[in-house]
Amino acid sequence: MKRFIARKLIVDERNELFDAQGMRYVEFPSDFSRIREFTSLVLAECPESFREGNLLEQQLSEIIKNGIKHGNRNDPLKRLRVWYDLRKRARFIVEDEGEGFIELDQWNEFFQERQKALFDEDFDAFLSLASYRGPKSDETDGGNSLIAALEYWNGGMIFNEARNKVGVVRWYARGSASS
Amino acid sequence: MEWLISQPDTDGFENVIVTGDCDLYAAPSFAKAMRDRIAGGSTRLRFDLSKVDYLDSTGVGAIIRILQEGRRSGTELLFRGVKGTPRKVLRMSNILSLMREEQLP
């Protein structure tokens, strides 16, 4: 018998994913037009086996986009801070200067409902719930980046209490992803 | 990112051939153009994504909007050539199973 299990976003200020010791650091201006460029800069020395085509680039760019657009609201005076470690796994901490992801609990409720519709094979309901639309969502928001992220970051995706900083990690086994 | 729309095939499907990165900069225009096309009366659209190597969440969102519009209007939608990272991203977003696929000829 199938059991319904939905992941969720977690807040844990003291999680080890926020330990930046030994990580490299870079910061960027909040320039929406340069999100993919910033992502490429962070990954310039990334091992090829971690890239999985351009999947790592795509997933990291989502986090950078969230920080610049939703966190810093594209304010050029606000910076995006990125810590990264690409030695044994792909690990990042990204912090913006915004008010935090205040819709996090609302997003978890949305995701629960969405995945329940999928579990129940209610595809009409699922299609209507396929994208998260918050009060500030616009046409550049796919509304699904966190859904893929919860699966992709197989070592965790954790927010701090202020919800303006996220730590993520993806582990690999023998050069390829372990899940 | 570019897209070309051909005249309908003998099976009645218009072919939408998409090329390039379907990302946060290009996907909104693509979504709007396709939704307008559906709203304008297209009843059968076949999307060839074999030349799309990069698809981010905005691109996935574009496909979701196209699927939603198609469902609302009764437009038949087919997809072909979904591969590589775009396929993985669509699968991780649980959207791939909603897309009716056919093999490339």
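Everything in this summary refers to the structure shown in the same document. (Residues numbered from 1 in each chain as written. Chains lettered and ligands numbered in written order. Predicted model: local features only at pLDDT ≥ 70, side-chain atom pairs only at ≥ 80, totals over all residues.)

## Here we look at helix α4 (residues 104-119) of chain A
Note the following rule: Starting at the N terminus, helices and strands are each numbered in turn, a helix being any DSSP run of H or I of at least four residues and a strand any DSSP run of E of at least two. What a helix should span is 1.5 Å times the count of its residues minus one.
Here α4(A) spans 22 Å end to end across 16 residues, near enough to the 22 Å set by a 1.5 Å rise per residue. E121(A), located one to two residues past α4(A), shows a positive phi value of around 55°.

## A closer look at the interface of chain A and chain B
When the parts come together, some accessible area is lost, and that loss is often what is quoted as the size of the interface. Under the convention used in this document: Each residue gets a C-beta atom placed from its backbone, and two residues are in contact if those atoms lie within 7 Å. Residue type decides the class: Asp, Glu, Lys and Arg count as charged, Ala, Val, Leu, Ile, Met, Phe, Trp, Tyr, Cys and Pro as nonpolar, and the leftover types, Gly among them, as polar.
Listed by partner, the interface residues are 25 residues for chain A and 24 residues for chain B. Partitioning the side of chain A that touches chain B into residue classes produces 9 nonpolar, 10 polar and 6 charged.

## So, the pairing of strand β3 (residues 44-55) of chain B
Strand residues, when the strand is regular, have side chains that alternate between the two faces of the sheet. All names here are of chain B. This is how the line gets drawn: Each pair of strands is called paired provided DSSP finds at least two bridges between the two strands. When the strands point away from the viewer, a crossover counts as right-handed if the route from the first strand across the helix to the second turns clockwise.
As defined by bridge partners, strand β2 (residues 14-22) adjoins β3 across 7 bridges and the pair is classed as parallel. Within β3, the residue paired with N15 across the bridge is R46. The parallel pair β3 and strand β4 (residues 76-80), bridged by helix α2 (residues 57-73), forms a crossover whose chirality is right-handed.

## What about unusual backbone geometry?
Residues and elements named next belong to chain A. As a reminder of what qualifies: Comment: burial labels come from other C-beta atoms within 10 Å of the residue's own C-beta, placed from the backbone, where a count of 20 or more is buried, 12 or fewer is exposed, and between is partly exposed.
Look at E52: it is not a glycine, yet its phi comes out positive at around 50°. Looking at the element boundaries, E52 is found in the loop between α2 (48-51) and α3 (55-71). Judged by the 21 C-beta atoms lying within 10 Å of it, E52 falls in the buried class. The residue E121 is not glycine, and still its phi comes out positive at about 55°.

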